[in-house]
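Topology and contacts: notes
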Amino acid sequence: MIKITTSDRYNITPLRSMMTNVLSLAAGLLVISIIFLIAGVNPLYAISQIFYGSFGSIYGLKETLTKAIPLILIGTGLTLAFRAKFWNIGAEGQLLMGAIFSTWTGLTFGNSLPPYLIVPLMFLAGFIGGALWGIIPAILKIKYSINEVISTLMLNYICAEFLTMLIVGPWKGSTRFGFPGTDNLPQAAILGVIPGSRIHYSTLILALVCAIILWVVIYKTRFGYEARIIGENPEAARYAGINFFKTSLILMAISGGLAGFAGVGEIAGIHHYLGYPASVSSGYGFTAIIVAWLAKLNPLYAIISGIFFAGILVGGDAIQISLGLPAATVQIVNGTLLVCLIMGDYFLKNKINLRLSNK
Amino acid sequence: MEEIIISTLQRTMIAGTPLLLATTGEIICERSGILNLGVEGVMSVGAVVAFIITMTTGQPWLGVLAAMVAGMTISIIHAFASITLRANQVVSGLALTMIGLGLSGMLGKPYVGRPLAIKMNDFAIPYLSNIPYIGKIFFFQSPFFYLAIFLALASWFILERTRLGIQIRATGENPKAAEAQGVNVFSIRYFSVIIGGGFSALAGAHLSISYSKSWIEGMTAGRGWIAIALTIFALWNPGRAIWAAFLFGGIFVVQYLMQPLGISPNFLSMMPYIATLLILLLISLKDPKKLNAPAMLAAPYNRTER
């Protein structure tokens, strides 16, 4: 008989860590193939279509990069929150709040200010909106011990309803012929795009800069160190006198604020007006959770994993059209990949020993 | 007026039923020490499977059975990841929700907007349903309502008064000690997660074949997440869950009552979610120490670490 025992693995090298991720994703694709097979779709064709649709053409690449912008921004912010084991599932709401704040700013001041003032002002407003929506769960968690998974999720629903209330009511634009949605932003408030694409480059640059800054914050500053200690060993953090309240407030302000930035990008770069929540964000707040996880909670890796999952979103759209699969397919792909990633962690942290025994 | 009150209370019971089923399931699961954030996903799978089987076979009870089997099966993903592989339970639960929502969207696509010809009929309990007022509210209801009450009471009894219940609670409070006493922590946790999944799927089945008789994507509308909050509100006690669930059922119904008053429907839709936060705030303000969550909730158990 074969006896299976496990033991802890202490020498986790970056190479082994990366290989584990790659193998986990491969295993995930295998499982997804089986699901496709059951659904009566040729898995090889479907998966090749996903990657061909996103990375196989110039058009696909442009779309992938466009969708990577919010994913990198949010995913980066989540790496910080998750480091402190603050489970922020509310990025979707924080994104919407950023969109609401920046739309208001753009509509109110867009006609009277030049672009070089109004655009930074909108990003600032978006950051504040997302940060405010992000610090509510931090206060609720530290002061009232309310589980942040629940509170951030509830705030998602509340924000989506609030946004809808605005666009069907007081904010309904006079140019929309009675349909819900605000008026278009003034020209000065609209972000420039790389010609022939939808890539709003200022948000893309902002996302890359944020990822680099956050890498420095997490690994090279006292605040980042404290956030990591809170996550890894809360007991020790308490003994060391780390202020949980202050640290949580700041990290959720950053995490929410970056989601708010993503909201500004979607409004000022893509849609140019505030519409229904589902059209403002196609679930970026949730996909970004996997982005952060695949990045092993490292903001720099979040750039790569953000582009990867943007590719899956774009490829998912492509197979919806070419294979007639429902939009929900992308969620199955995402969920399966996430399961395989966390399962892969087990084989990274534990050595599996197979021994032949005589019994 | 009288009729409005009766019909409001009647609808409160119907609206609270899925919350009670899912909350009871999550309580069993969390009592064994496993946090399952996959409730929303499992509920969606339950809803779509119950709907498809009921529509194709014309047998609502077959639909219910299929939904339970599907819910229990998909819950094994979370059980395997969090128990055997000791993965992070928050992330694993979220993944289960994504998979569940995705699967339900994929399976249900051909059925969107198709009305159910044969649904689960309300059932009048002989004699009791003739009692004035009370009869209509409590004894002329969907079978799911009776089932939910029965399962909550049975779960309370099992958890508090039987050997199996002691084993489940010990596993959640102190798995090492439980194992020393001969309890198989792994099997107890697997059992609890899978039973919890079955309950969540029942909640979904109620939504699609009894409550609304049709299927649309996202019809669970966050009820799974509210159930997780109600688990805390009920202080991990299925008996208290009954009150908690029907209180929230009332909040869902009051939304519709207040619509004619000219309040924004979107504002009213926010109410269950705001109420969830308020309730959690309230119990925290009252006495944070009374929140006796299972001591080892969400902590993976490593058998070799002894």
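Residues numbered from 1 in each chain as written. Chains lettered and ligands numbered in written order. Predicted model: local features only at pLDDT ≥ 70, side-chain atom pairs only at ≥ 80, totals over all residues. Heavy atoms only, no water.

So, on to the confidence of the model for chain A. With 99% of its residues at a pLDDT of at least 70, chain A reaches an overall mean of 91. Looking across chain A, the model is least confident in strand β1 (residues 2–8) of chain A, with a mean pLDDT of 74, and most confident in helix α4 (residues 91–109) of chain A, with 97. (pLDDT = per-residue confidence, 0-100. Helix = DSSP H or I, 4+ residues; strand = E, 2+ residues; numbered from the N terminus.)

With that out of the way, let us pick up a nonpolar patch on the surface. Residue and element names in this part refer to chain A. Side chains of Ile2, Ile4, Phe347, Ile352, Leu354 and Leu356 sit close together on the surface and give an oily, nonpolar patch of about 650 Å² of accessible area. For the nonpolar patch, the secondary structure elements donating two or more residues are β1 and β2 (350–356). The biggest single contributor to the nonpolar patch is β2, with three residues. Tracing the sequence through the fold places isoleucine 4 in strand β1. Its relative accessible area of 58% is what places isoleucine 4 among the exposed residues. (Patch = residues over 30% accessible without salt bridge, like charges linked within 9 Å, V, L, I, M, F, W, Y side chains within 5 Å. Areas by Shrake-Rupley, 256 points an atom, 1.4 Å probe, with all protein chains shown as cover. Salt bridge = Lys/Arg side-chain N within 4 Å of Asp/Glu carboxyl O. Buried < 20%, exposed > 50% of the residue type's maximum accessible area, 1.4 Å probe, protein only.)

Between chain B and chain A, the contact holds 44 residues from the first and 41 residues from the second. Both sides together, the interface formed by chain B and chain A hides about 3800 Å², and carbon and sulfur atoms give 81% of it. Sorting the residues of chain B by area buried against chain A places Met98(B), Met106(B) and Leu277(B) first, and these three jointly supply 18% of that buried surface. For the pair chain B and chain A, the number of links is zero salt bridges. Of all elements in the fold, only α3 (60–84), α4 (89–108), α10 (223–233) and α12 (265–286) of chain B reach the threshold of two or more residues within the side of chain B that touches chain A. (Contact = heavy atoms within 4.5 Å. Buried area = accessible area lost by both parts, 1.4 Å probe.)

Residues and elements named next belong to chain A. It is at 10 Å that the axes of helix α12 (residues 284–294) and helix α14 (residues 329–349) come closest, and there the two elements cross at 25 degrees. One finds that α12 runs roughly parallel with respect to α14. For the pair α12 and α14, the crossing hand works out as left-handed. Contacts from Thr287, Ile290, Trp293 and Leu294 in α12 reach Asn334, Leu338, Leu341, Ile342 and Asp345 in α14. Class assignment of the residues belonging to the contact of α12 with α14 gives a composition of six nonpolar, two polar and one charged. (Axes fitted to C-alpha atoms, helices over the stretch in contact; angles between N-to-C directions. Parallel < 35°, antiparallel > 145°, perpendicular 65-115°, else oblique. Left-handed = near helix turned anticlockwise from the far one by under 90°. Nonpolar A, V, L, I, M, F, W, Y, C, P; charged D, E, K, R; others polar.)

It is worth spelling out the packing of α10(B) against α12(B) at this point. Residues and elements named next belong to chain B. For the pair α10 and α12, the least separation of the axes is 10 Å and the interaxial angle reads 20 degrees. When the axis of α10 is compared with that of α12, the two are roughly parallel. Judged by the sense of rotation from one axis to the other, the crossing of α10 with α12 is left-handed. Across the interface between the two elements, Ile226, Ala229, Ile232 and Phe233 of α10 pack against Pro272, Tyr273, Thr276, Ile279, Leu280 and Ile283 of α12. Grouping the amino acids of the contact of α10 with α12 by side-chain chemistry returns nine nonpolar, one polar and no charged.

Attention now moves to the nonpolar core. Counting 194 residues, the largest nonpolar core has Ile74(A), Phe82(A), Leu251(A) and Trp293(A) as its most contacted members. If you look at the next biggest cluster of nonpolar residues, it comprises five residues, including Ile34(B), Ala79(B), Ile83(B) and Val193(B). (Core = buried A, V, L, I, M, F, W, Y, C linked by side-chain atoms within 4.5 Å.)

Take the side chain of Thr8(B) next. Residues and elements named next belong to chain B. Looking at the secondary structure, you find threonine 8 in helix α1 (residues 2–31). Within the local environment of threonine 8, its side chain forms a polar contact with the backbone oxygen of isoleucine 4, the two atoms lying 2.6 Å apart. Residues contacting threonine 8, with those up to four places away along its chain left out, are Val253 and Leu257. (Polar contact = N/O pair within 3.5 Å; in protein donor to acceptor, adjacent residues only side chain to side chain.)

What follows is about helix α6 (residues 143–161) of chain B. Between its terminal C-alpha atoms α6(B) stretches 26 Å, which fits the 27 Å expected from 19 residues at 1.5 Å a residue. Within the span of α6(B), buried status applies to Pro143(B), Phe144(B), Phe145(B), Tyr146(B), Ala148(B), Leu151(B), Ala152(B), Ser155(B) and Leu159(B). (Expected span 1.5 Å × (residues − 1).)

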